[in-house]
Amino acid sequence: MSYLDRINKPNDIKAIEPEALPVLADEIREFLVNKVSVTGGHLASNLGTVELTMALHLCMDFPKDRLIFDVGHQCYTHKILTGRKDGFDNLRMLGGMSGFPKTSESDCDAFETGHSSTSISAAMGFMKAREVNGTNEKICAIIGDGSMTGGMFYEAINQISQFKSSLVIVLNDNEMSISKNVGSMSRALTRLRVGESYNDLKSNVESAIINIPDVGMKMAKGIKKSKDTIRNFFIPGLFVEELGVTYVGPVDGHNIEELKRTLKQAFRLNRPIIVHVKTVKGKGYGFAEQHPTYFHGVGPFDIKTGKAVGKKTVPTYTDAFAKNLVRIGDENEKVVALTAAMSRGTGVHSFKKKYPDRTIDVGIAEEHGVTLAAGMAKQGLIPVVAIYSSFLQRAYDQILHDVCLQNLHVIFAIDRSGIVPGDGETHQGIYDTAYLSDMPNLTIISPMNEKEMGQAMDFALRNDGPVAIKYCKGDVYRGFSKLDAPFEKGKSAILANGKAEDGVTVIAVGNMVETSAKLCELLKEKLSIDPTLINARFLKPMDKELFIKAGKESKLLIVVEEAVEAGSFGNEIAGLLFKEHVYTDLLHFCIEKEILSNGSVAQLRDLVGLTPEKMFERVKEELK
């Protein structure tokens, strides 16, 4: 029997012999590589936190104690140690185990997370509740060094001195967020990592002074007051103790005994403490150690080669954006690119390779990135802000206040708009139409294919005000690529003129053009109905003239989009027709569920009725 076989419920790790713990760590890593190679998932971050999570479980009691993960994608070992090994066969699948903390899965998951820099704020909330409730549970927050580039970290640390009870903050330092860390905090942590030179010097100096006959102890006490000055000379940037937080470290994040000893002492302290732990992202699997960014979030792969299984050669919408970003950068030297710790995921790395001086990675600081872009635009540059849909929503106020109200020429490239596979509720891009559509002066475009991506980028380059281009994760649609309809502001494109007597018009948004075209084929094939198909293109301003005309001439108007219903494009069309006293039947295909969990895109579309087949059945019933 392996040691991992003995882990079946919370706290089972405490029965494992201390000398066997490194073997258990190896078994957990092998288990993770084997499982994630089949399902996909966040591999590198989890391989790097195996011993750290084990040490925390040796020091804490679950589910009584509260372990709060920042971001949460590094929680796989925690799930193993709390009796959820079997769930890895369906990791990130529809109805399967989440790749993030999920309170509905287990009482051992304290708080649901998916975005960064939130853990300390949440943990402080747990601290206050413990104080009010009169309980005594241990509370620990794990935050990565990448998350320290986010503003919420500083907001929480600024207030933490007001809390006088125990809180252990583990700084998991692997020099990475999704991409490599940037900024002054990263440089400060680099100096902290070599802080052993200070620790060794301090220890040697103190020993030498104490051993001086007669006066040694007095001298040691005398220089104790200047210890902080010496430390700050050798370790610049160690500001957290000035804010009321004790600092310990760096600690070897792969030495279980050292971790356990340090954490036990930290939990005894009746005030907040940061334990700085140094880990290696991807540890134990060579390909992940060499390429931690690639293996941060990875699809199924071959363990022996590290290469993706069944990878397609069809370009993605991200590829199309990346190519066009470089192209407009070639055409206009005022174009600059910004990203938030995800240059490869957004495609900005191609631009960065050619124009490093015109590329800025702001770290996990979306709010800062948007206002930084506003300042650039105010001075005549043309910033392209490339951020995933679910992360851009963190900068709602900055988009509204700093960009749109001033009508500044900022281009938002919104990747992962629509349904996002695998990562569950926190990463879905189904809310962006709602949170962007009321922004003043903002033009919103949803291109249907690679050609329209280029046209959208050209339009955004020459437009005077802010432009948002939103597109999904996945392969670009190849249909209608030869269509030569003018690309004009606020104008949609008629892709196919149906039979007027059939009276059915379909208006599709972005990647839903492909699905809608298949719906039209089914209507022709099975019901002999030839619909008109319209590509919306511009969600704001919308093509009011065309939609009013379509409403008047159609018995059934169908709107198809991959977005939540509240604040949707379909609702805008319904409102427009109502104002114009156009009363026709309107069938709106969208995401009526306000929360989507994990699953593949195909599974989730089927769940919400956004497949051609399910849409056809509803249309057929409506026509009856």
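The preceding data block contains the structure.
Keep in mind that what you see is a predicted model, and the values were worked out from it rather than measured.

### Digging into helix H21 (residues 512-527)
Its 16 residues place the ends of H21 21 Å apart at the C-alpha level, agreeing with the 22 Å of an ideal helix rising 1.5 Å per residue. Listed as buried for H21 are Met-512, Val-513, Thr-515, Ser-516, Ala-517, Leu-519, Cys-520, Leu-522 and Leu-523. Buried positions along H21 lie against strand S12 (493-496), strand S13 (504-508), strand S14 (532-535), strand S16 (556-564), helix H24 (601-608) and helix H25 (612-623). Once H21 finishes, Ser-528 follows within two positions and takes phi at roughly 55°, a positive value.

### Concerning the packing of aromatic side chains
What the rule picks out here adds up to 18 aromatic pairs. With a centroid separation of 5.3 Å and 50° between ring planes, the pair formed by Phe-487 and Phe-538 is classed as tilted. One end of the pair, Phe-487, is in the loop between strand S11 (467-470) and S12; the other, Phe-538, is in strand S15 (residues 538-540), with 51 residues separating them in the sequence. Put simply, the rings of Tyr-285, Phe-287, Tyr-294, Phe-295 and Phe-301 touch in pairs and so form one group of aromatic residues. Between the NZ or CZ atom of Lys-138 and the centre of the ring of Phe-267, over which it lies, the distance is 5.9 Å. The ring of Tyr-355 carries the charged tip of Arg-358 above its face, separated from the ring centre by 4.1 Å.

### Remarks on the sheet that holds S12
With mixed pairing, five strands are arranged side by side in an open sheet as S12-S14-S13-S16-S17. Of all strands in the sheet, those with a lone pairing partner are S12 and strand S17 (585-591), marking the two edges. Going across the sheet, the axis of each strand differs from the next one's by a mean of 25°, ignoring polarity. Here four bridges tie S13 to S14, and the two strands are oriented parallel to one another. Considered in S14, the bridge of Val-506 is made with Leu-533. Across the sheet, H21 is in contact with S12, S13, S14 and S16; its angle to S13 comes to roughly 160°. Helix-sheet contacts for H25 involve S13, S16 and S17, and the interaxial angle to S17 is about 160°.

### Thoughts on the packing of helix H13 (residues 317-331) against helix H20 (residues 450-462)
Any two packed helices are characterised by the angle at which their axes cross and by the distance between the axes. In contact at an axis separation of 9 Å, H13 and H20 are set at 40° when each is read in the N-to-C sense. Considering only the axes of H13 and H20, their crossing is right-handed. Listed contacts from H20 to Tyr-317, Ala-320, Phe-321, Lys-323, Asn-324, Leu-325, Arg-327, Ile-328 and Glu-331 of H13 are Glu-450, Met-453, Gly-454, Met-457, Asp-458 and Leu-461. Classifying every residue of the contact of H13 with H20 gives eight nonpolar, two polar and five charged.

### Describing helix H3 (residues 50-59)
The element H3 is extensively covered by neighbouring structure, given that ten of its ten residues are classed as buried. Val-50, Glu-51, Leu-52, Thr-53, Met-54, Ala-55, Leu-56, His-57, Leu-58 and Cys-59 are the residues of H3 that are buried.

Rules used in this analysis
Residues numbered from 1 in each chain as written. Predicted model: local features only at pLDDT ≥ 70, side-chain atom pairs only at ≥ 80, totals over all residues. Heavy atoms only, no water. Helix = DSSP H or I, 4+ residues; strand = E, 2+ residues; numbered from the N terminus. Expected span 1.5 Å × (residues − 1). Buried < 20%, exposed > 50% of the residue type's maximum accessible area, 1.4 Å probe, protein only. Contact = heavy atoms within 4.5 Å. Phe/Tyr/Trp six-rings, centres within 6.5 Å; stacked < 30°, edge-to-face > 60°. Lys NZ or Arg CZ within 6 Å of the ring centre and 35° of its normal. Pairing = 2+ DSSP bridges. Axes fitted to C-alpha atoms, helices over the stretch in contact; angles between N-to-C directions. Left-handed = near helix turned anticlockwise from the far one by under 90°. Nonpolar A, V, L, I, M, F, W, Y, C, P; charged D, E, K, R; others polar.

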